[in-house]
Amino acid sequence: MGPIQGLTAVLFLLLDICAGQRMVTIQKGRLYRTKGYHITIWCNVSGYGGPLEQTFQWSVYQASTPQIEWQLISTSDSNFPYAVYGKRVRRGEIYVERIHGDSVLLHITNLLDEDAGEYECHTPSTDEGYLGTYSAKTNLSVIPDTLSATMEPQDLIHNEGDSLELICEVSTATAQHVHLSVAWYLIQGDGEVQEILSLSRDFVLIAGSSYKQRVSSGDIRLDKIGDKKYKLSIVKILPSDQGKMYCEAVEWIQDPDETWKDIARKRTKNTSLTVRSLVLLIYLTCCLLFIESRLKLILWVNEERIIEGAALNFHCNASVAGNSLSVKWWHISKDRSPPVLIANMDQEGTLKIGSFYLEHSARGDLRLEKVDSSTFTLTIYNTSATDDSGLYRCEVTEWFKGRSWKHAQDISANIEPLGMNLKAVLIGRVANVKLHEDFELYCKVSINHSTNEVPMSIIWLFHPSSALSGYQQVVKITAGGTVEWGSALLHFHKKTKITKSSSSSRLLIHGATWQDAGIYKCEVEVRKSSQQARDLGTEATAVASSNPVEIKVTQPESKLRVSLDTKGLELSTNDATEIKCEIISLNKEESQLGVSWYFQPLSLVDTVPLLILATNYSNIVEYGEAFSSPQKKFRFHSKKVSSHLYQLYILSVEPDVSGIYYCVVEEWIWSVDSGWHNLGKMESGRTTVSFKPSERKLHIESTNHSIIVTENDDVTLKCLLKSQIHPTSHFSISWFKVSNHSNNEALLKIKDNGIIEYGNGKMARRLHPHCPSTGNFYLTIQNVEAVDSGLFYCQVEEWALNCSTAQVLRASVESGHSEVCYSASLFHFLLFYPLVMFLILMAAILFLCFKIKSIQQKQWNLKTKQEFCEETGLVEPTHQQLSGKRSNSIGKEETSSLKGSVVD
């Protein structure tokens, strides 16, 4: 099989594997859902084998215990849920809806705070082999229900053609980005609910199917008043509008998949509307000609017991309308004196004030109004305990065709003196507040044990722990609702929320700091305010001061926990590694961490650990004294991988990395008024690193060479790599010269990235490095001078890339020495000395020839002498001479004589 056919087969195999790969997908998070509501989370599986109906198992990792898996529910195993969820599953609060065989919805009908966390959808394998993903996770946050929708419940009776206005107040205090929609509905007599008009989350008006024409013509409209109020207006009421009306608000949030989800829904109380048709009115008018009036009065007051200075508001409603009505209001004091006329309103609406109440009317303390054809109101402002207590009477006269029918009803009103039993009690739920936590104080007000609304002002006072002066005003809410901040304690303005009701006030302070420690108290001020009293400067005022409450701000306890696991690593020069520092828990997300890394050599475990580097809460890195050199800084690097994981990278492993490593984590928290505070610190478990020498070695031709160079010539030094070269390796080459005193002088260095660094010597301008092939490194010295003589050698370092793209040293080796010998007269020697050498050689030959001739002469003389002795009998021949040949004996004697001559 050729390479192309093999690659094609591999691709088809991969495509076949991917085609059968199981994939579990879950609704994208993070999801924000409101406590107490019904929520759903979908989960699908695809690319599976086995039956079409797959099994789904749901688990949750609660936010409070993210390391613990809680089994929630399974589509096939009723015993799957843990006990804490089993009860909710059996009650139907948690269940799984199967959409298809491979798609389900998880339902939680009543979401709780503890349901927040990470949800995992798991599908057990039905495949022949394990391939793909079998589970998926999403995060769910549970937020409080802050949505509110309120409308005053009423029982209204209107004639056909009258106008109607209803106001619905909608608000939310969630921290998430949400949209609101508001809709009005009508419940008719048969129980059918019809939508009248709505304002969508995208601020689009949508009319109900039965009201489109009336909305289009402007007879029905919806207006927004301010930030919270929505007003429904019906210009002309029709009989079909009769029923019960209510307002509904819906809170919407956009999920990460960009779909909008309703997370909260609130409905107001019903307002009952009765519509009297024109036909019915005509019929009643005809009937009144023949029967006596059956009109009944309903008289009520806002509060029967109020504090002096508050307003009395009376309502008088006639049960039958259509005829002309006139009304008189009377006051009967406690001493049972004759009734006093307050005011009279005739059939045409003309108003006449009684003489005793003319002064009240002039001051603006009296108001009479005809709300509609059958409802009348009387309001008395700035009431007096002595003048305005007693009975009040509404007298209605019904007129028709000259006939009249009178009806009257009395009601009692009791006005208590201002400031009677006025008390203020300050309540603080916690005395010790952690730094950056919220705290709140409640000021409870009681007046005559009455719960009706009192025109009062609330003043919050504060005495700082660090101040010597007395109490200072934080904030004041006047009876009219105006907020007045104190000028001395400006830091409260941006972090304080204050609310006020008829009988209490709440002070909420966000993010407590050291400045907020001290003593708090509240004052309540009530006053009888009338125009006359203001003009005369005789306003009656009552003030009550509460008990003091001391708030102490303490530093929060650190919840820092660092992993204490111990590890062992064995490294060589071919390795690079990272050491983990894992944070298990923290105090708050706004905490900042400082991480320091320490090292202790294995042979010196009893010594003080050395600081490698430290990163403070501002991410500023400082190296320890022993690791501040550029080479050390290059080898050690710290990185924040996540909020709970830090790592120390060792980029270049050498024998001196052996030792014990650990981190020290410090938790810091910021306070606006006092800066950074250290909450605590903790050491991690130890990681022991052992160095193992690298098995890889470089081999360079190490044979020593001697090179003789002529003046002004060039010489090339060779550095030849003999070992196998790794495809990803990079090399750095350094050339050195050994001077006369055996000192190594660095000539130049070619780094692994190709950059050349020259030494400070004078030879730098005449050095030319080059690499004709991989593993062969040459250095040419141009224009050789006398000072260039000496020993030269090279050093080669092999580098490789690790996973963090930094380079680590694989191996290093030095070459043998090359000796460069320089002779300034070598050229002259080659030209002129051969003649001299020839003359010396000829003299030696002549001397040798003379010497040989002299030796031969001596041998001849010896021979003649011996022959003479033998002939004369002076010497006897030896045994050898008698038995050997003459010629052989003579030859050996010559050789011996020659040797003796050479020695001489």
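This text follows the structure it describes.
Quick caveat, the model's predicted, so the values are computed rather than measured.

Help me get a handle on the overall build of the protein, residues and values and all.
Each helix and strand in the protein was counted, giving 10 helices and 62 strands. The proportion of buried residues among the 904 residues of the protein is 39%. Once local pairs closer than 6 in sequence are excluded, the contacts in the protein between residues at least 24 apart make up 60%. A total of about 50800 Å² of accessible surface is found on the protein, and carbon and sulfur atoms cover 53% of it.

I'd like a rundown of the sheet that holds strand 33 (residues 439-446), residues and numbers included.
Strand order in the open sheet made by the four strands is 31-33-38-37, with antiparallel pairing throughout. Across the chains shown, the open sheet's two edge strands, defined by having one partner strand only, are strand 31 (423-428) and strand 37 (496-500). On average, adjacent strands in this sheet sit at an angle of 15° to one another, irrespective of strand direction. Judged from the six bridges that link them, strand 31 and strand 33 form a sheet pairing that is antiparallel. Pairing of Ile-427 across the sheet is with Tyr-442, part of strand 33.

Explain helix 2 (residues 83-90) to me, using residue names and the numbers behind them.
Buried within helix 2 we find Tyr-85, Gly-86 and Arg-88. Close packing links the buried residues of helix 2 with strand 4 (57-62), strand 5 (70-74), strand 6 (94-100) and strand 7 (103-108). Backbone geometry just after helix 2 places Gly-92 at a positive phi near 85°.

Now, about the sheet that holds strand 27 (residues 366-372): what can you tell me, with residues and values included?
Spatial strand order, 21-23-28-27: four strands in an open sheet with antiparallel pairing. Strands at the two margins of the open sheet, each flanked by one partner only, are strand 21 (297-301) and strand 27. Pairs of neighbouring strands in the sheet enclose a mean axial angle of 15°, with direction left out of account. Where strand 27 lies against strand 28 (residues 375-380), six bridges are found, and the strand directions are antiparallel.

For the packing of aromatic side chains, give the residues involved together with the corresponding values.
Aromatic rings considered in pairs are described by the distance between their centres and by the relative angle of their planes. Enumeration over the complete set of coordinates arrives at 18 aromatic pairs. For the pair Tyr-598 and Tyr-662, a centre-to-centre distance of 5.5 Å together with 15° between the ring planes defines the contact as stacked. With Tyr-598 in strand 45 (residues 592-601) and Tyr-662 in strand 50 (residues 659-671), this residue pair connects regions lying 64 residues apart in the sequence. Judged by relative accessible area, which is 23%, Tyr-598 ranks as partly exposed. For the ring pair Phe-627 and Phe-636, a centre distance of 5.3 Å and an interplane angle of 90° mean the geometry is edge-to-face. Overall, the relative accessible area of 5% leaves Phe-627 in the buried class. Since its relative accessible area comes to 2%, Phe-636 is described here as buried. Each member of the aromatic cluster is reached from another via a ring pair, and the members are Phe-439, Phe-462, Phe-492 and Tyr-520. Its guanidinium or amino end placed over the ring of Trp-252, Arg-201 lies 4.7 Å from that ring's centre, counting from NZ or CZ. Above the ring of Tyr-662, the side-chain terminus of Arg-686 is found at 3.6 Å from the ring centroid.

Can you break down the pattern of salt bridges residue by residue, with the values?
It is possible for side chains bearing opposite charge to pair when their charged atoms get close. The tally for this structure, following the rule as stated, stands at 26 salt bridges. Asp-127 is the salt-bridge partner of Arg-22, the closest N and O atoms lying 2.9 Å from each other. Of this pair, Arg-22 sits in the loop between helix 1 (3-19) and strand 1 (23-26) while Asp-127 sits in the loop between strand 8 (117-122) and strand 9 (135-143); the two residues are 105 residues apart in sequence, bridging distant segments of the chain. In this pair, the class of Arg-22 matches that of Asp-127, namely buried.

Give a description of the side chain of Thr-379 that names residues and reports values.
With respect to the element layout, Thr-379 can be found in strand 28. Accessibility expressed as a relative area gives 10% for Thr-379, which makes it buried. Of the polar contacts made by the side chain of Thr-379, one reaches the side chain of Asn-313; its length is 3.1 Å. Residues in contact with Thr-379, not counting those within four places in the same chain, are Leu-312, Asn-313, Asp-365, Leu-366 and Arg-367.

Lay out a nonpolar patch on the surface with the relevant residues and their values.
Taken together, Leu-835, Phe-838, Leu-839, Leu-841, Met-842 and Ile-845 make up a surface patch of nonpolar side chains, about 590 Å² in accessible area. Note on placement: Ile-845 falls in helix 8 (residues 826-872).

Let's hear about the state of the cysteines: which residues, and what values?
If you walk through the whole model with that rule in mind, you get six disulfides. Paired by a disulfide, Cys-443 and Cys-522 hold their sulfur atoms 2.0 Å apart. On the sign convention where negative means left-handed, the S-S torsion of about 75° between Cys-443 and Cys-522 marks this disulfide as right-handed. Residue Cys-443 is found in strand 33, and its partner Cys-522 is found in strand 39 (residues 518-528); the two are separated by 79 residues along the sequence. Taken individually, Cys-443 and Cys-522 each receive the classification buried, so the pair is uniform in this respect. Across the disulfide from Cys-581 sits Cys-663; the S-S distance is 2.0 Å. Across the disulfide from Cys-581 to Cys-663, rotation about the S-S bond amounts to roughly 70°, and the bridge is consequently right-handed. Here the residue Cys-581 occupies a position in strand 44 (residues 577-585), and Cys-663 occupies one in strand 50, the gap between them amounting to 82 residues. Given the relative accessible area of 0%, Cys-581 is considered buried. Ordinal numbering of bonded cysteines along the protein defines a disulfide pattern of 1-2, 3-4, 5-6, 7-8, 9-10, 11-12. Take Cys-771: it sits in no disulfide, and the sulfur closest to it among the cysteines is that of Cys-719, at 10.0 Å.

Account for the side chain of Thr-375, with residues named and values stated.
Mapped onto the elements of the fold, Thr-375 is located in strand 28. By relative accessible area, which is 12% here, Thr-375 ends up buried. Looking at Thr-375, its side chain comes within polar contact range of the side chain of Asn-317, at 2.7 Å. Residue contacts for Thr-375: discarding those within four places in its chain leaves Cys-316, Asn-317, Glu-369 and Lys-370.

Explain the pairing of strand 24 (residues 324-332) to me, using residue names and the numbers behind them.
Examined bridge by bridge, strand 24 and strand 29 (residues 390-400) share nine bridges and lie antiparallel to one another. Across the sheet, His-331 pairs through a bridge with Tyr-392, a residue of strand 29. As judged from the five bridges shared by strand 24 and strand 25 (residues 340-345), these two strands associate in the antiparallel manner. Along strand 25, the bridge assignment pairs Val-327 with Met-345.

Explain the nonpolar core residue by residue, including any values.
In this structure, Leu-422, Leu-426, Trp-460, Tyr-520, Val-524 and Val-526 are the most contacted members of the largest nonpolar core, which totals 37 residues. Breaking this core down by element, the ones donating at least two residues are strand 31, strand 33, strand 34 (456-464), strand 35 (472-477), strand 38 (504-509), strand 39, strand 40 (540-545) and strand 41 (549-554). Beyond its immediate chain neighbours, meaning those up to four positions away, Leu-422 contacts Val-445, Ser-446, Ile-447, Val-524, Val-526, Ala-542, Val-543 and Ala-544.

Conventions adopted
- Residues numbered from 1 in each chain as written.
- Predicted model: local features only at pLDDT ≥ 70, side-chain atom pairs only at ≥ 80, totals over all residues.
- Heavy atoms only, no water.
- Helix = DSSP H or I, 4+ residues; strand = E, 2+ residues; numbered from the N terminus.
- Buried < 20%, exposed > 50% of the residue type's maximum accessible area, 1.4 Å probe, protein only.
- Contact = heavy atoms within 4.5 Å.
- Areas by Shrake-Rupley, 256 points an atom, 1.4 Å probe, with all protein chains shown as cover.
- Pairing = 2+ DSSP bridges.
- Axes fitted to C-alpha atoms, helices over the stretch in contact; angles between N-to-C directions.
- Phe/Tyr/Trp six-rings, centres within 6.5 Å; stacked < 30°, edge-to-face > 60°.
- Lys NZ or Arg CZ within 6 Å of the ring centre and 35° of its normal.
- Salt bridge = Lys/Arg side-chain N within 4 Å of Asp/Glu carboxyl O.
- Polar contact = N/O pair within 3.5 Å; in protein donor to acceptor, adjacent residues only side chain to side chain.
- Patch = residues over 30% accessible without salt bridge, like charges linked within 9 Å, V, L, I, M, F, W, Y side chains within 5 Å.
- Disulfide = S-S within 2.5 Å.
- Core = buried A, V, L, I, M, F, W, Y, C linked by side-chain atoms within 4.5 Å.

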